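# Coordinate analysis (summary)
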Amino acid sequence: MKIAGIGSYLPRQILSAEALDQRHDLPPGSVFRATGVQTRHYCASDEDQISMGAAAAMAALDDADVQVSDIDLVIAAQAVPYQPIPATAPAYMRALEMPPGQAFGLDLNSTCLSFLSAMEHAAALLQQGRYRRALIVTSEVASRALPWPDKPQVAGLFGDGAAAMVLTDGGVLPVMRFATYPAHYDACGIGAGGTRFDFHTAPADFAAHAMFDMEGKTLFRLTATHFVPFVDALLDDAGWHRDEIDLIIPHQASPAGLSHIVRQCGFDPAKVIDISRDKGNQIAASIPIALAQVWPGLKPGAKLLFLGTSAGVSFGGAAVTL
């Protein structure tokens, strides 16, 4: 798998922690103290998930020096789709004005790990020769359905954004590893919107589960117990030592959580890309947006370690040599 191009898009509207304090009638300094996030991007009235994703996709195509007509696989990789049916990928394809029948579009959802999961899926299909050029699009409107009244310390973590990647066959096949711990399935999520709660027969239950909820302490304990052995296993699979990694690009769950993981795993903080204080948690878009920030300065042969966690609960990682 070769990463041919990267692109990102950030909404124009930037909200500070102080602005959110005022918006939600919280004491001054509350959001920053609870989250450590100073600024985050929120969609403006003329922006949405599809327009953000299409803008990021065009930037990635330009970076790869390929045309829309060169793509034959499109993977939409986000935690929350544009709508339940149909898949979100065709909406991106329509926005990009892809010729009918030129490419196959599908969605892949493993919440915060969706982008890494899409990379694994695309790499396997490219290696098999099924497709020639893949476009992964991740666009998240994380500012919706947040639990501001009950859990501002959770709601204040999130921000919006989009990123995209063009992949072609060639280069070094990435080493990827994923693992799921389903006992804490309900520790993080939005219950309504699927088949679990019927809007017509149980509207009160549907409404009660329409907001995002997260049990931060439960997820923290699970990560503290299992994440370091997971990372060690991934590095063993890749045959890498910590000191030969050029950059570590993690999911930006929260500033405090990211700092804890860096210490626990024994990484050099100078090698870790941390945009959590300025961008917040952009769900599946966190990893590729962080990559986009450093992409122009990366050299062939650089060793990148992608790491993340997701609702469900799952861990994921990729050892990628450019």
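Below you will find a few notes about this structure. For clarity, every value in this text was computed on a predicted model and none was experimentally measured.

The rules we used
Residues numbered from 1 in each chain as written. Predicted model: local features only at pLDDT ≥ 70, side-chain atom pairs only at ≥ 80, totals over all residues. Heavy atoms only, no water. Pairing = 2+ DSSP bridges. Helix = DSSP H or I, 4+ residues; strand = E, 2+ residues; numbered from the N terminus. Axes fitted to C-alpha atoms, helices over the stretch in contact; angles between N-to-C directions. Contact = heavy atoms within 4.5 Å. Salt bridge = Lys/Arg side-chain N within 4 Å of Asp/Glu carboxyl O. Buried < 20%, exposed > 50% of the residue type's maximum accessible area, 1.4 Å probe, protein only. Parallel < 35°, antiparallel > 145°, perpendicular 65-115°, else oblique. Left-handed = near helix turned anticlockwise from the far one by under 90°. Nonpolar A, V, L, I, M, F, W, Y, C, P; charged D, E, K, R; others polar.

Strands sit in the order 8-13-12-11 across an open sheet of four strands; the sheet is mixed. Both edges of this open sheet fall to strand 8 (175-180) and strand 11 (247-250), since each of them pairs with a single strand only. Averaged over all pairs of adjacent strands, the angle between strand axes in this sheet comes to 10°, irrespective of strand direction. The strands touched by helix 11 (residues 286-294) are strand 11 and strand 12 (303-310); relative to strand 11, the strand with the most contacts, the crossing angle is about 145°.

In the structure shown here, the tally under the stated rule is eight salt bridges. Here arginine 12 makes a salt bridge to aspartate 46, at a shortest N to O gap of 2.6 Å. Of this pair, arginine 12 sits in the loop between strand 1 (2-9) and strand 2 (13-16) while aspartate 46 sits in the loop between strand 3 (39-42) and helix 3 (49-64), placing them 34 residues apart in sequence. Judged by its relative accessible area of 53%, arginine 12 falls in the exposed class.

With that settled, consider the packing of helix 8 (residues 216-238) against helix 9 (residues 255-265). Packing of helix 8 against helix 9 brings their axes to within 10 Å, and their N-to-C directions diverge by 40°. It follows that helix 8 is oblique to helix 9 by the angle criterion. As for the relative orientation of helix 8 and helix 9, their crossing is right-handed in sense. Contact residues: Phe220, Thr223, Ala224, Phe227, Val228 and Val231 in helix 8; His260, Ile261, Gln264 and Cys265 in helix 9. Per-class residue counts for the contact of helix 8 with helix 9 are seven nonpolar, three polar and no charged.

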